[in-house]
Amino acid sequence: MDLVRINEFVWEIPKSGEMKVPARIYASEKLIELARRDQTLQQARNVACLPGIQRMSYVMPDAHQGYGFPIGGVAAFDLDEGIISPGGVGYDINCGVRLLRTDYKESDITARRKELLAEIFKEVPAGVGKGGITKLSRNVLKEILVRGAEWAVEQGYGTAEDLDRTEERGRMKDASWEFISDRAMERGIPQLGTLGAGNHFLEIQKVDEIFDVEVARAFGIHEKGQVLVMIHCGSRGLGHQIATDYIELMENKFGFKGLPDRELINAPFKSDLGQRYYKSMCAAVNYAFANRQMIAHWVRDVFAKVMGSAKGMRQIYDVCHNVAKVEKHTVNGKEKLLCVHRKGATRSFGPGRAEIPEVYRQVGQPVLIPGSMGTASYVLVGTKEAEEMSFSSTAHGAGRVMSRNEALRRFRGEQIRDELARKDVELKATSWKGVAEEASAAYKDVDEVVRVSHETRLGKLVARLVPIGVMKG
Amino acid sequence: MEKKYEILEHMADGKFRAYGRNLGECLGNAALAMVSLMWDPEKIKPAIKETIKLEATGPEQLTVKFLTELIYLLEVKSFLLGRVNEIRVEEVPNNGNKTYRLEAEVSGDRISPEYEIYGQVKAVTYNEMKIETSDDGLVLQVVVDM
């Protein structure tokens, strides 16, 4: 496959064959080498062949092979001629990140760090098959699917300010439960307010470095050593089942012959099936917002109990990493509404966009990029340039470079716990084997990923956060 | 047949190959392969039985639906599969196409602290899915999202 280097961090697969547009990859030499090792580039090319795609098929610096679309893929489609694809969103709909700030410094919590983590571990259900605290009725679930985090706040989980500081204000308005299967609902009922397992985690972090003092201050990040809490999880089984269901429905309706990859299955955005998927996906997004809203509330409760106060524990922001949204963007000098798919990518709106909460509108949208378990995470800020470059998107995390098998052969969970302890990081987990699978050495260097984001101006560096306490599902 | 399944290398997710003399046996072994990414099926006591009945338009879709059913049983009924007692796949003509019908009985136990669950399969994908014939029957390759 042709891969042309445009400049230090920009690579392009020129339009050829069935491609309707070129594919563009944002990566350093080191990262493009990783992308070449798997199907990432081929998948980016396949996406460029889909009907109604606009401008280019984009690939973010942390990209790796996914199903149909690459993880780290961004593609926008015309609403009339274009499609919507469950494979372009991913199975874990609205897998995302929420970040809370605190007024505490590391030294304030050192003595109680163990207790804080143990209490959070008690309050926030995690791990496989761990049910939530609340047994929901189907009617309540339906309300959550339509109203998202708004429902949670109304129930006393958090504050109205949290909603202001959540993408979509915690509620996608096009959501409907009507086209969601019983199976998906059943999987959703026991899992609300749970962290899940795999790469999902909750961390107590401290500010390790501030790169942009002014923007950091606007986000409520003031000094090195300041304590924050990061929550990384998604829509759990409900979202996974919606993706599985709609892949089957679209296959049965449209067939998959002629598709280079079966997981590229899609439906015209405005078709009945396309709209059903879109509305159901929006509902899963809302479920995930409510999920993170509840978890954030319990974390505040724990701080109030252990530290005596949760004062200053304001939400910085909550972002989606797996989503399709209708957004206004400029194509060929004309503003139009598009269905933007971000699969393993973070929205990165620059200053001025109406979608950004008023408090951040001058500086740009907070972009939250979690590292792997036990490594640094980053706060970035969206840019105006990203609009032209990637439909306002940037990276979402580290991405694996080692299989789970290999990680299991190389590491033991207990050994990772001890290594983290030597770095003064406390770890609580539901399974040591699960910890070994998620060893940070099995992931790409997140520092390199954010460096490329910063240099290309897809999203600019604001602060680096490092964990002091890790809870893994 | 000696080997029921083997776990393969996959960068981000879970990948395995399951063997069987026919599609039913292959799917039964695929079930064991998939759950082995989450727990050790040999350690699960056969305390409860579940029956599974479903239909699909092709063997690949049947694979996705059957394995997804086991994730459903895990998440909704806290069921940990330990053994596939019986499994049968029938191909029924349907307007010039074929419908694949599966019936299975599996046994296992509810989630409890005595069982370690070390991973989570989120979904079953078509990515790199292959069903091939071999000297001994069939080989089914599956990638699951973790």
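Just above, that's the structure.
Everything numeric here is computed off the predicted structure, so don't read it as measured data.

Draft legend 1. The arrangement of the packing of helix H4 (residues 113-123) of chain A against helix H11 (residues 272-307) of chain A in detail. Residues and elements named next belong to chain A. Packing of H4 against H11 leaves a shortest axis separation of 9 Å and a crossing angle of 140°. As summarised for this structure, H4 and H11 are arranged oblique, according to the angle between their axes. Considering how the two elements wind past one another, H4 and H11 form a crossing that is right-handed. Taken together, the residues of H11 that come into contact with H4 (itself represented by Glu115, Leu116, Glu119, Ile120 and Glu123) are Trp298, Val299, Val302, Phe303, Lys305, Val306 and Met307. Its residues assigned to classes, the contact of H4 with H11 shows eight nonpolar, no polar and four charged.

Draft legend 2. Representation of the environment of methionine 60 of chain A. Residue and element names in this part refer to chain A. Its location among the elements puts methionine 60 in strand E4 (residues 57-64). On the basis of relative accessible area, methionine 60 is assigned to the buried category, the value being 1%. Not counting chain neighbours up to four residues away, the residues in contact with methionine 60 comprise Tyr26, Gly72, Val74, Ala345, Ser390, Ser393, Thr394, Ala395 and Leu458.

Draft legend 3. Spotlight on the nonpolar core. Leu202 and Met281 of chain A together with Met34, Phe66 and Leu67 of chain B are the most contacted members of the largest nonpolar core, which totals 124 residues. It is H11 of chain A that provides the largest number of residues to this core, a total of 20 residues. Residues in contact with leucine 67 of chain B, not counting those within four places in the same chain, are Phe16, Ala30, Ala31, Met34, Val124 and Val142 of chain B. In this structure, Leu50, Ile369, Tyr378 and Ala407 of chain A belong to the second largest nonpolar core, which totals 54 residues.

Draft legend 4. Highlighting the packing of helix H10 (residues 236-254) of chain A against H11 of chain A. All names here are of chain A. H11 packs onto H10 with a crossing angle of 175° between their chain directions and a minimal axis gap of 9 Å. In terms of their interaxial angle, H10 and H11 are classed as roughly antiparallel. Seen from H10, the contacting residues are Arg236, Leu238, Gly239, Ile242, Tyr246, Leu249, Met250, Lys253 and Phe254; seen from H11, they are Leu273, Arg276, Tyr277, Ser280, Met281, Ala284, Tyr287 and Asn291.

Draft legend 5. Layout of the pairing of E4 of chain A. All names here are of chain A. Burial runs high along E4: eight of the eight residues are buried. In this sheet, E4 lies alongside strand E3 (residues 23-26) in parallel orientation, the contact comprising three bridges. Bridged to isoleucine 25 within E4 is valine 59. Across three bridges, E4 lies against strand E5 (residues 71-78) in antiparallel orientation. Bridging from a neighbouring strand, tyrosine 58 pairs with valine 74 of E5.

Rules used in this analysis
- Residues numbered from 1 in each chain as written.
- Chains lettered and ligands numbered in written order.
- Predicted model: local features only at pLDDT ≥ 70, side-chain atom pairs only at ≥ 80, totals over all residues.
- Heavy atoms only, no water.
- Axes fitted to C-alpha atoms, helices over the stretch in contact; angles between N-to-C directions.
- Helix = DSSP H or I, 4+ residues; strand = E, 2+ residues; numbered from the N terminus.
- Parallel < 35°, antiparallel > 145°, perpendicular 65-115°, else oblique.
- Left-handed = near helix turned anticlockwise from the far one by under 90°.
- Contact = heavy atoms within 4.5 Å.
- Nonpolar A, V, L, I, M, F, W, Y, C, P; charged D, E, K, R; others polar.
- Buried < 20%, exposed > 50% of the residue type's maximum accessible area, 1.4 Å probe, protein only.
- Core = buried A, V, L, I, M, F, W, Y, C linked by side-chain atoms within 4.5 Å.
- Pairing = 2+ DSSP bridges.

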